[in-house]
Amino acid sequence: MKYIEEFRRNDAGKAILKNLAAETDPGRTYRFMEFCGGHTHAIYRYGLLDLLPGNIEMVHGPGCPVCVLPKSRLDAAIFLAKEPGVILCTYGDMIRVPATSRDTLYKAKAAGADVAMVYSALDSLAVARENPDRTVVFFAVGFETTTPPTASVIRRARDEGLRNFLVFSNHVLTTPALKIILDTGPSVALNGFIGPGHVSTVIGSDAYLPVVKEYRRPLVIAGFEPLDILQAVLMLVRQVNGNRFDVENEYTRSATREGNVKARALMDEVLEMRDTFGWRGLGLIPRSALKIRPTYAAFDAEARWDLAVFDHRECEDDEKGCACGEILQGRKKPKDCPLFARVCTPENPVGACMVSSEGACAAYYLYGYGVGRK
Amino acid sequence: MELVHGSGGRAMADLIDGLFVKAFSNPWLDKRNDQACFSVPAGRLVMTTDSFVVSPLFFPGGDIGDLAVNGTLNDVAVAGARPLYLSAGFILEEGFPLKDLKRIVESMAAASGNAGVPIVTGDTKVVERGKGDGVFINTTGVGIIEADVDISADRAQPGDAILLSGSIGDHGVAVMASRNHLKFETAITSDTAALHGLVAAMLSATTRIHAMRDPTRGGLATTLNEIAEQSGVGILLDEDRIPIKKEVLAVCELLGLDPLYVANEGKLVAICAAEDAEGLLAAMSKHPLGKDAAIIGKVVEDPRSYVQMRTALGGKRIVQWLTGEQLPRIC
């Protein structure tokens, strides 16, 4: 598999850092938000904060679909897992996230619910085929990266005439969240964004043009290797220095201007916009999430079960002290949370940010805690 | 397997004779006593036990039988001891295919024969269907420390060098390749191997090894955190120097796993004084099981006992204890 070693090369990294050192204006601070949790993890995992000039601050964004899922939706998933005959298929990350009363899919599984970890939507379809006498529900979570596969398996299920496969859709959209961050986000102004790499592969770099134009902040799409991120930061610095606000793409080996048209067409065929959706930390955001179209209602868990009782009403559903919400907005850092590492650890997580492999708190705890600058 | 095979009667005796004793045959086991009697050379005795519950039972590069023999031999070896004898206890589930048992037993016989360490006593039990996951194996090993070594996880000292015998993550990835719902093609096989020959070669170079351990479940990261905590020291690793196969790295990246936490079954970590490091490395490199050996870091003062790592680009990260099982990325 290419693209690992090439994008971790020491000499290339040093060259970018040299440019950064030369081009950052010592008289100002640069505050960039890495929107995607995957970028937060990469930044900590490769120890990049130590290497950046001291006047560049990275602010963690809400691009962690597990983290922004409100507890009420997870309560619904746990309910579904406990329904007779159901096999709930879920991505691994969701299994340990605490829902209301610290219940988890893991605990439900230990108590006898059939919870199966899958790596992809296709796996859950396979489970449905292999278990015709069971009802298989796929707990679909994710931004635009994982949405096309979900749409794809729903269509396949219809084409194959499967009668025991349903999807519980919790797919959310990136640009509405970006807008909310810019409208109500960190009290300290952001100078630019590192755009999510894999989302951009699907939606295309042009998708960010409206936001960038309206809010006049640069956005550079980056890959997930250390050189990708460093290069993207350099590109942001250059834009800021030049008073420009453009959409630029560092991740050209994967993302294009128009993105994956076929994937988006598939999404559009199977899914439609929800009027509103609750996001942990960001509140109710209109037109920010997707549900299954009525034509595919046979595959919609929300059509088969009445899940209205789990409707997200309160945004402040996190435990006292848990700063997940503010961390997701970029207002706080994990070390600002009073529970961090004292009460809230990966073994005993209070909030989703500590569980998810894309959560800021998990990233900081796993890689950054006690070392380096932040 | 049927319950009658574990009842203590004729059926069980036939199974033991026809399968276990025949495969493992040695003067002690052939006597068919309930125990093995032997003298030991002068020195300090080492004893260790381990139980093996790996799933699936058969994976690229080996099976539970290989692990059961090599794993216990390695726990003896990393004390600086020469393994002498093994025991093997089996808990079999009713309905477990005899042909699978035979295959496992043959693996154990081969591993034991290659290592030159006989399985001299054992036990067999059978439990009802549903009460055991096919087969569980326990092995106990005894060995003798003849050299003047003092190897213990609490003996690492600031300034010491940390050596690793070869590439990490091979076994964990090979096992994952065989699990349900996680199928992918890979050329990676388990690195299961008995390390006592390598250890003997290392001890010829120097007996001043402070700490030594074979990183199994939880990977290299867990082993180093254990040693750091038990010795009350910190560790600083060099990411660039840690050997890892391209294919293992690729699979880990694909699945969102950190190779530092992926299981190994044929590797060891050794910690020695800085001045002994080059000599130890040379001795390891000459041995087939140590050809990719490397010095991967050093021990430092740290009251918090952190394991830190200088990343390939020169940044720093911490290498935390493993929490739960490694979970894959979501998108």
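Residues numbered from 1 in each chain as written. Chains lettered and ligands numbered in written order. Predicted model: local features only at pLDDT ≥ 70, side-chain atom pairs only at ≥ 80, totals over all residues.

Observations regarding the overall build of chain B
Helix and strand counts for chain B stand at 9 helices and 13 strands. What you see for chain B is a C-alpha radius of gyration of 21 Å, in line with the 20 Å of a compact globule of 331 residues. In terms of overall dimensions, chain B has C-alpha extents of about 65 × 55 × 35 Å along its principal axes. Here chain B holds 331 residues, and 49% of them are scored as buried. Looking at chain B alone, contacts between residues at least 24 apart form 85% of all its contacts between residues at least 6 apart. (Helix = DSSP H or I, 4+ residues; strand = E, 2+ residues; numbered from the N terminus. Rg over C-alpha atoms; globule rule 2.2 N^0.38 Å. Buried ≥ 20, exposed ≤ 12 C-beta atoms within 10 Å, placed from the backbone. Contact = placed C-beta atoms within 7 Å.)

A few points about the packing of helix α1 (residues 10-24) of chain B against helix α4 (residues 98-115) of chain B
Residue and element names in this part refer to chain B. Relative orientation of the contacting elements α1 and α4 amounts to 20°, with a least axis distance of 9 Å. Classified by the interaxial angle, the pair formed by α1 and α4 is roughly parallel. Judged by the sense of rotation from one axis to the other, the crossing of α1 with α4 is right-handed. Side by side, α1 and α4 meet where Leu-19, Phe-20, Ala-23 and Phe-24 of the first sit next to Leu-101, Lys-102, Val-105, Glu-106, Ala-109 and Ser-112 of the second. Its residues placed into classes, the contact of α1 with α4 shows 7 nonpolar, 1 polar and 2 charged. (Axes fitted to C-alpha atoms, helices over the stretch in contact; angles between N-to-C directions. Parallel < 35°, antiparallel > 145°, perpendicular 65-115°, else oblique. Left-handed = near helix turned anticlockwise from the far one by under 90°. Nonpolar A, V, L, I, M, F, W, Y, C, P; charged D, E, K, R; others polar.)

Focus on the pairing of strand β7 (residues 192-195) of chain A
Residue and element names in this part refer to chain A. The side-chain alternation of β7 yields two buried faces, one formed by Gly-192 and Ile-194 and the other by Phe-193 and Gly-195. As defined by bridge partners, strand β1 (residues 30-36) adjoins β7 across 3 bridges and the pair is classed as parallel. Looking across to β7, one finds that Met-33 is bridged to Phe-193. Pairing of β7 with strand β8 (residues 219-221), which is carried by 3 bridges, proceeds in the parallel orientation. (Pairing = 2+ DSSP bridges.)

With respect to the domain arrangement of chain B
All names here are of chain B. Taken domain by domain, chain B comprises domain 1 (3-145) and domain 2 (161-318). Placing a centre on the C-alpha atoms of domain 1 and another on those of domain 2 gives a separation of 27 Å. On the side of domain 2, 23 residues touch domain 1, which itself brings 20 residues to the contact. Where the side of domain 1 that touches domain 2 is concerned, the elements lending two or more residues are α3 (64-77), β4 (82-93) and α4. Here the side of domain 1 that touches domain 2 is built from residues that sort into 11 nonpolar, 7 polar and 2 charged. (Domains from an automatic or database assignment.)

A word on the sheet that holds β4(B)
All names here are of chain B. One open sheet holds the 4 strands; their spatial order is β1-β6-β4-β5, and the pairing between them is mixed. Edge positions in the open sheet fall to β1 (44-52) and β5 (119-127), since each of these has one partner strand only. Taken pair by pair, the neighbouring strands of this sheet meet at an average axis angle of 15°, ignoring direction. Strand contacts of α3: β1, β4 and β6 (135-145), with the helix running at about 30° to β6, the strand carrying the most contacts.

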